[in-house]
Amino acid sequence: MILTRSEEDMASGKHGPGLEKCMHILIKFGEAMGAERLVPISSAHTIPREPPDLLMEMTEGVGQTGTFTTLHAFMSAFDPQLWERMGISEEYAAKEIPVLKQRIEIYRRLGFYETYTCLPMLVGNLPRRGDFISWIGSCAQLFVNSLLAARTNRDGAVLNLAAAITGRAPYRGLFLDENRLGQVVVELEGVDPHGITYTDLGAIGYYVGSRAQQRNIVVNGLARELDISYLLALMAPLPASGSVSICHVVGCTPEAPTLERALGNQEPAEIIRVDKKAIAETKELHALSSNDTVEMCILGCPHCTIQEIRNIATRLSGKKLRPGRRLWIGSAYQTYYLAQTMGYSRTIEEAGGVVTSSCMATIPDSPIPDDVGTLVTNSFKAAHYISRLTKGRVKVAVMEMPDCIDAVSA
Amino acid sequence: MKIKGRIVNEGNAAGQAVVLDVPFSFIGDFDPNTGKITILNHPMFGESIAGKILVCPSGKGGTIAPFVAYEAMKKGNAPAAILCREADPILCESALAIDVPMLDSFDEDLFQMVKTGQAVSIENGEVSVEEQA
């Protein structure tokens, strides 16, 4: 691999063992994956779930991160301040808190920005089109590649951390123009683009992900006016049921002004047709039965935008959670402060809900309280992971947000 | 019997082979606390890969898989080496995180040459497989 002078210095240990280790990982990985060089990255987004020993090894002797680095949502639903109100067990908290403290000490020393969200672009980490970046989180990767046309690979957590600390990433994969083109076209058939709902879009994403697998997709036939949260609803399930990295939306996303451009004027490898029947059948996978009692509602996967928080607060206004019911809402701290200023969080909290910056897909170990047997969400991604991670103990149904709220409140 | 592969991460190791016929991830398919394979309804379910030579077609998804591999290493439950047909990014990172030898792109079909339980040693990019007794 061809290295610059400063990269060589980092690799040789001149700047300490942490940078040496990180460079070693980047070089070895790059060579194995056919990258000829490293490139500077304009931002990183890393996952606060490092084994503390590894984080210490990779940051030993390092003064600050090598690029602007934000942190992903607290992995797992565990929130260090709110866990008791969320009904998460003391045993779980006792395990998490000391490790969290060790990590936070290092984050503060190196200047990691404690954003704790899966939507860092909404809270200040806003790369420009064409920027090379290293972001973690299958959704954050997909969103930033698709919605902003900045370029991240689907890096794993260790390469990503090495990239954040050195400010470099191997030049490969989705950094290259030719690997960003659409390969599979998604055509909506008989679906009114102006009457499409939030969970319709989630169902389309869930259906398409399992068929597209790892290929880049181009969705044709959606309306330009779709709100950002609706585009996120479409995209979030794609890396859950499949492992899609890029979802171009014709007329909506920067690399897809037209279908032809998104495909690089080539024929698609496949056309996936989605009709009303496919949407209905996908919704059946996570439907409520008439005899189910809903004990919990989870919203905010991906994290709620301020508009979504407003809509939730409006729906909850004048209501209370029914006895024994729970409501978790995932959103970035920064959004929470705005919701507090505007009075929305008060409405939600007075009704008995909790707004947290943790992960509402509850990855990786799903601390859903023991008294919950059935929960509702508006997110197919959350439904996918929670039902798997709880190994069938918890039934998860997907419904529109207002129906979710009504299922647990009165 | 010797086969040659491409070195993804160098190093020497020896141990018993554990051969998986499906792509492997340290998250979901593996318990770092026991070193055992946790793929439901798979014949290798419950088999430990701790200190063994893991042989698999490739890796797959799961961005925090390299962290799980590291946790397993700290508990003495990580494999001693990884051999695969084609190194995918996440499995490659996992091997680098725990710094165990990893090889791919062999000159012969790995799955014809290596069976579970055989003694395997890796030295300078060459894999020696002991003839079955």
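Residues numbered from 1 in each chain as written. Chains lettered and ligands numbered in written order. Predicted model: local features only at pLDDT ≥ 70, side-chain atom pairs only at ≥ 80, totals over all residues. Heavy atoms only, no water.

**Description of the overall build of chain A**
So the rule is basically this: Comment: elements are numbered from the N terminus, with helices defined as DSSP H or I runs of at least four residues and strands as E runs of at least two. It is over C-alpha atoms that the radius of gyration is taken, and the globule rule equals 2.2 Å times the number of residues to the power 0.38. With a 1.4 Å probe rolled over the protein chains alone, any residue whose accessible area is under 20% of its type maximum counts as buried; one over 50% counts as exposed, and the rest are partly exposed. In this description, contact between two residues means that some pair of their heavy atoms is separated by no more than 4.5 Å. For the accessible areas, the method is Shrake-Rupley and the probe is 1.4 Å, while residue cover comes only from the protein chains on display. When charges are counted, Lys and Arg are positive and Asp and Glu negative, with His and the chain ends excluded. Lys charges are placed at NZ, Arg charges at CZ, Asp charges at CG and Glu charges at CD.
A count of helical and extended segments in chain A gives 17 helices and 14 strands. The C-alpha radius of gyration of chain A comes to 21 Å, within 12% of the 22 Å expected for a compact globule of 410 residues. The principal-axis extent of the C-alpha atoms belonging to chain A is close to 65 × 55 × 40 Å. Sorting the 410 residues of chain A into buried and exposed places 60% on the buried side. Pairs at least 24 residues apart make up 79% of the contacts formed inside chain A by residues separated by at least 6 positions. Looking at chain A as shown, the accessible area adds up to about 16,000 Å², and 49% of this sits on carbon and sulfur atoms. The averaged location of the 45 negative side-chain charges in chain A is 1 Å from the averaged location of its 40 positive side-chain charges.

**Overview of the interface of chain A and chain B**
How we decide: The buried area of a pairing is the accessible area, by a 1.4 Å probe, that goes missing from both parts when the two are put together, added over both. We count a salt bridge whenever a side-chain nitrogen from Lys or Arg sits within 4 Å of a carboxyl oxygen from Asp or Glu.
Counting from both sides, the interface comprises 25 residues of chain A and, opposite them, 20 residues of chain B. Of the roughly 1,900 Å² buried at the junction of chain A and chain B (both faces included), carbon and sulfur atoms supply 67%. The interface formed by chain A and chain B includes two salt bridges. Across the pair Asp-53 of chain A and Lys-74 of chain B runs a salt bridge whose closest N-O atoms are separated by 3.8 Å.

**Topic: the sheet that holds strand 8 (residues 102–104) of chain B**
Sheets are built from strands that pair by backbone hydrogen bonding, the pairs being arranged parallel or antiparallel. Residues and elements named next belong to chain B. Heads up, the rule is: What makes two strands pair is DSSP finding at least two bridges between them. For helices, the axis comes from a line fit to the C-alpha atoms of the stretch in contact; other axes are also lines fit to C-alpha atoms, and the angle between any two N-to-C directions lies between 0 and 180 degrees.
Reading across the sheet, the eight strands line up as 1-10-9-3-6-7-8-2 and stay open at both edges, with mixed pairing between neighbours. This sheet does not close on itself; its edge strands, each paired only once, are strand 1 (2–4) and strand 2 (6–9). Looking at each pair of strands side by side, their axes are set apart by 30° on average, direction ignored. The pairing of strand 2 with strand 8 spans three bridges and is classified as antiparallel. Note on strand 8: the bridge partner recorded for Ile-7 is Leu-103.

**Focus on the packing of helix 8 (residues 198–212) of chain A against helix 12 (residues 276–284) of chain A**
Residues and elements named next belong to chain A. Put simply, the test is: Throughout this description, any angle smaller than 35 degrees is read as roughly parallel, any larger than 145 degrees as roughly antiparallel, any in the 65 to 115 degree range as roughly perpendicular, and the remainder as oblique. By the convention adopted, Pro, Cys, Tyr, Trp, Phe, Met, Ile, Leu, Val and Ala count as nonpolar, Lys, Arg, Asp and Glu as charged, and the other residues, Gly among them, as polar.
Orientation of helix 8 relative to helix 12, taken along the N-to-C sense of each, is 90°, at an axis distance of 9 Å. For the element pair helix 8 / helix 12, the angle class is roughly perpendicular. On helix 12, the residues that touch Thr-199, Asp-200, Ala-203, Ile-204, Tyr-206 and Tyr-207 of helix 8 are Ala-278, Ile-279, Thr-282 and Lys-283. Class assignment of the residues belonging to the contact of helix 8 with helix 12 gives a composition of six nonpolar, two polar and two charged.

**Re the sheet that holds strand 4 (residues 133–135) of chain A**
All names here are of chain A. Spatially, three strands are ordered 3-2-4 in an open sheet, and the strand pairing comes out parallel. In the strand order of this sheet, the two ends are held by strand 3 (69–71) and strand 4, each with one partner. The average angle at which neighbouring strand axes cross in this sheet is 15°, direction not considered. Of the strand pairs in this sheet, strand 2 (residues 43–46) and strand 4 are connected by three bridges, and their pairing is parallel. Within strand 4, the residue paired with Ser-43 across the bridge is Ile-133. This element, helix 7 (residues 157–166), spans strand 2, strand 3 and strand 4 of the sheet and lies at about 140° to strand 2.

**Some points on the side chain of His-72 of chain A**
Residues and elements named next belong to chain A. Basically, it comes down to this: The definition of a polar contact used here is a pair of N or O atoms within 3.5 Å, where within protein one atom must be able to donate a hydrogen and the other to accept one, and adjacent residues in sequence count solely through side-chain atom pairs.
With respect to the element layout, His-72 can be found in the loop between strand 3 and helix 4 (83–86). On the basis of relative accessibility, which here comes to 8%, the residue His-72 falls in the buried class. Polar side-chain contacts of His-72 include one of 3.0 Å to the side chain of His-45. What His-72 contacts, discounting residues up to four positions off in sequence, is His-45, Thr-46, Ile-47, Pro-48, Tyr-116, Thr-117, Cys-118, Ile-136, Gly-137 and Ala-140.

**Details of the nonpolar core**
The line we're drawing: What we call a nonpolar core is a set of buried Ala, Val, Leu, Ile, Met, Phe, Trp, Tyr and Cys residues that are connected through their side-chain atoms within 4.5 Å.
Grouped together as the largest cluster of nonpolar side chains are 137 residues, with contacts concentrated most on Val-208, Ile-217 and Val-274 of chain A together with Phe-26 of chain B. Those residues in contact with Val-208 of chain A, other than ones at most four positions away along the chain, are Val-186, Ile-217, Leu-238, Ile-272 and Val-274 of chain A. By size, the runner-up hydrophobic cluster in this structure holds 25 residues, among which are Val-294, Leu-299, Met-401 and Ile-405 of chain A.

**Some remarks on the packing of aromatic side chains**
All names here are of chain A. Operational definition: Think of it this way: a Phe, Tyr or Trp ring, Trp meaning its six-membered ring, pairs with another when their centres are within 6.5 Å, and the plane angle makes it stacked under 30 degrees, edge-to-face over 60, tilted otherwise. Here, a charge over a ring means that NZ of Lys or CZ of Arg falls within 6 Å of the ring centre while also lying within 35 degrees of the ring normal.
Inspection of every chain in the model, using the stated rule, returns 14 aromatic pairs over all chains. Look at Phe-78 and Trp-83: their rings are 6.4 Å apart centre to centre, the planes differ by 25°, and that puts the pair in the stacked class. A residue is classified by how much of its surface remains accessible, and Trp-83, at 13% relative accessible area, is buried. Taking NZ or CZ as reference, Arg-37 lies 4.4 Å from the ring centre of Tyr-171, over its face. Sitting above the plane of the Tyr-207 ring, Arg-211 keeps its charged end 3.6 Å from the centroid.

**Comments concerning the pattern of salt bridges**
Residue and element names in this part refer to chain A. For the structure shown, the criterion picks out 26 salt bridges over all chains. The residue Glu-189 makes a salt bridge to Arg-273 at a minimum N-O spacing of 3.0 Å. With Glu-189 in strand 6 (residues 184–189) and Arg-273 in strand 9 (residues 270–275), this pair connects stretches of sequence that are 84 residues apart. Among the residues examined, Glu-189 registers a relative accessible area of 34% and is labelled partly exposed. Close ionic contact of Arg-315 with Asp-406 constitutes a salt bridge, the shortest N to O distance being 2.5 Å. Of this pair, Arg-315 sits in helix 13 (residues 306–316) while Asp-406 sits in helix 17 (residues 401–408), placing them 91 residues apart in sequence.

**Points about the environment of Ile-27 of chain B**
As for its position among the elements, Ile-27 of chain B is in the loop between strand 3 (13–19) and strand 4 (30–31). Look past the residues within four positions of Ile-27 of chain B in its chain and what remains in contact with it is Pro-364 of chain A together with Gly-62, Ile-64, Ala-65 and Val-68 of chain B.

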